[in-house]
Amino acid sequence: MLRRKAFSLLKPIPLMSGQSNLAYKFIHPAIASHGHCCHRRSVDYRQRYKTHPGSAGGRTISAPQTKVMAEEELPGVLILDIGGAYGVLENLAALLKKHFHLITMKEFLQNKKEMSKKIQSIFVFECRPTIDRELLESLPNLKVIGNSGVGVDHLDLKMISSFGVKVTNTPHAVADPTADIGMALMLASARRLVEGCQIAVSPDTKYFAVDWLGVEVTRATLGIIGMGSIGYRVAQRARAFDMRILYHNRNRRKEEEEAVGAHYCEKMEDLLQQSDFVMVVVNLTPETHKLIGKKELGLMKPTATLINISRGAVIDQGALVEALQNKVIRAAALDVTYPEPLPRDHPLLKLSNIIITPHIGTATVQAIHMMAEEAITNMLAVLNGQPIPSEVFPK
């Protein structure tokens, strides 16, 4: 995984015991079709999102300051594993150990009776471990599930809430890197960078064709579907390219649109018809499932590009294949698909007018670390009865 390669630049940390791959059922379905007491701790609870010249993107998240405590006194946090193909990165495990007693799924399964009493929180990393009813019923002291990332479509919020367990996410840490990948995909697709690289390095290339052309992003029209924190940051970046910015959102965001000079489209159809680039930045919900289908693709300009940095299931991929094959739209650039990865014989992988990246919107050293810090802040806030910075509520 690319984010694991990024972390290989950092000093490795010795692994804890019990790291072997776990039972198949605890791997997320996208990979494998898978009376409460709380010990109060002495915590100086502080959460700071401040600008700092040395921080990535001018963002710094400070985890709560805690007194040094013995491991057995720390609240237990359940994780899938440490290291390996699906476990928490070793560096993040070391960060979690400063505030929690780490318990892997293997350790939990080997000694359920003892471990179930200790576990008060679950740290969900890369959609793992899978949170199902059986797991929740076996954790009587569970208080909070801290999701690393903003999307929670892999969590059944209503079911979790019925157990009296809170869910948190990390919206502050993901906005900038995800907006960056959206701009990167737009630029790469517009200028056909992937194709160009292949031509430049091919042993069969004898000359560069003069009629091999891309399109310009500068002064083009960008339509953003979803003006949340990520969509807003995309708009901020688009201003630097003198782009005309349109946006569609459930609710009009006047403050944001004035700040970036964006124009609100109450109807998504109006945005689709006018945009040279359409970027989808919405949460996956029943309402947004296959939000972009054959009808919506047919409304787009034949010269337009579709960019998806939200969730794969937001787009009807069958309709997208047809649209790209029949030149209904110029191109597509996707950081997300459904499933992930796509089957190796999927027709999207055979098209030349598409770019697909392996869900790397937050795959930076800085973002992964900040998400862990934000998740830790959220979980400790719940355990200590403090205001929760980023709680997610069932709808």
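For clarity, every value in this text was computed on a predicted model and none was experimentally measured.

What counts as what
By convention here, each chain's residues receive numbers from 1 onward along its written sequence. Selection of residues for local features in this predicted model requires a pLDDT of at least 70, selection of side-chain atom pairs for listing and counting requires 80 or more, and totals for whole chains, interfaces and linings are taken over all residues. To obtain the side-chain values, all non-hydrogen atoms of the structure were included, while hydrogens and water were left out. Axes here refer to lines fitted to C-alpha atoms; in helices the fit is confined to the stretch in contact. Angles between the N-to-C directions go from 0 to 180 degrees. Numbering of helices and strands runs from the N terminus; a helix is a DSSP stretch of H or I covering at least four residues, while a strand is a stretch of E covering at least two. Angles are sorted into four bins: roughly parallel if under 35 degrees, roughly antiparallel if over 145, roughly perpendicular if 65 to 115, and oblique for all others. Whether a crossing is left-handed or right-handed is set by the direction in which the near helix is turned from the far one by less than a right angle, anticlockwise for left-handed and clockwise for right-handed. Here, residues are in contact when the closest pair of their heavy atoms is within 4.5 Å. Residues were grouped as follows: Ala, Val, Leu, Ile, Met, Phe, Trp, Tyr, Cys and Pro as nonpolar; Asp, Glu, Lys and Arg as charged; and all remaining residues, including Gly, as polar. We call a residue buried when its accessible area falls under 20% of the maximum for its residue type, exposed when it is over 50%, and partly exposed in between, using a 1.4 Å probe and counting protein chains only. Each Phe, Tyr or Trp ring (for Trp, its six-membered ring) is paired with any other whose centre lies within 6.5 Å, and the angle between the two planes then decides the class: stacked below 30 degrees, edge-to-face above 60, tilted in between. Criterion used throughout: strands pair if DSSP finds at least two bridges between them.

1. Observations regarding the packing of helix α7 (residues 171–190) against helix α9 (residues 229–239)
Here comes step 1: Where α7 contacts α9, the axes come no closer than 8 Å and their chain directions differ by 45 degrees. In terms of orientation, α7 lies oblique with respect to α9. Judged by the sense of rotation from one axis to the other, the crossing of α7 with α9 is right-handed. Here Pro171, Val174, Ala175, Asp176, Thr178, Ala179, Asp180 and Met183 of α7 come into contact with α9, specifically with Ser229, Ile230, Arg233, Val234, Arg237 and Ala238.
Here comes step 2: Split into classes, the residues belonging to the contact of α7 with α9 amount to 8 nonpolar, 2 polar and 4 charged.

2. Some remarks on the packing of helix α2 (residues 90–97) against helix α14 (residues 365–383)
Here comes step 1: At a closest axis distance of 10 Å, the pairing of α2 and α14 adopts a crossing angle of 25 degrees. Here α2 lies roughly parallel to α14, going by the angle between them. Classified by chirality, the crossing of α14 by α2 is right-handed. Facing Leu92, Leu95 and Leu96 of α2, the residues of α14 in contact are Ile368, His369, Ala372, Glu373, Ile376 and Met379.

3. Observations concerning unusual backbone geometry
Here comes step 1: Look at the link from Arg128 to Pro129: it is a cis peptide, with omega at 5 degrees.
Here comes step 2: With respect to the helices, strands and loops of the structure, Pro129 is situated in the loop between β7 (119–125) and α5 (133–137).
Here comes step 3: Note that the residue after Glu340, namely Pro341, is joined by a cis bond; omega there is -10 degrees.
Here comes step 4: Following the sequence through the fold, Pro341 ends up in the loop between β15 (331–334) and β16 (354–356).
Here comes step 5: You will see that Arg219, though not glycine, has its phi angle at about 65 degrees, which is positive.
Here comes step 6: On the basis of relative accessibility, which here comes to 60%, the residue Arg219 falls in the exposed class.
Here comes step 7: If you check the backbone angles, Lys290 has positive phi at about 55 degrees while not being a glycine.
Here comes step 8: Mapped onto the secondary structure, Lys290 falls in the loop between β13 (277–280) and α12 (294–299).
Here comes step 9: The partly exposed category is assigned to Lys290, whose relative accessible area is 44%.

4. Brief notes about the packing of aromatic side chains
Here comes step 1: By the definition in use, this model includes 2 aromatic pairs.
Here comes step 2: With 6.3 Å between their ring centres and 20 degrees between their planes, Phe123 and Phe125 make a pair best called stacked.
Here comes step 3: Each ring, one from Tyr247 and one from Tyr264, has its centre 5.1 Å from the other, and the planes form 45 degrees; the classification is tilted. Here Tyr247, found in strand β11 (residues 244–248), pairs with Tyr264, found in strand β12 (residues 263–264); they are 17 residues apart in sequence, far enough to count as distant.
Here comes step 4: Taking the relative accessible area as the measure of exposure, Tyr247 reaches 0% and is therefore buried.

5. With respect to the sheet that holds strand β17 (residues 391–392)
Here comes step 1: Strand order in this open sheet of 6 strands is β6-β5-β7-β8-β9-β17, and the pairing throughout is mixed. Each of the sheet's edge strands pairs with one partner strand only, and the pair in question is β6 (101–104) and β17.
Here comes step 2: As paired elements, strand β5 (residues 76–79) and β7 share 3 bridges and run parallel to each other. Paired with Val77 across the bridge in β7 is Ser121.
Here comes step 3: Where α2 meets the sheet, its contacts fall on β5, β6 and β7, and the angle it forms with β6 comes to roughly 135 degrees.

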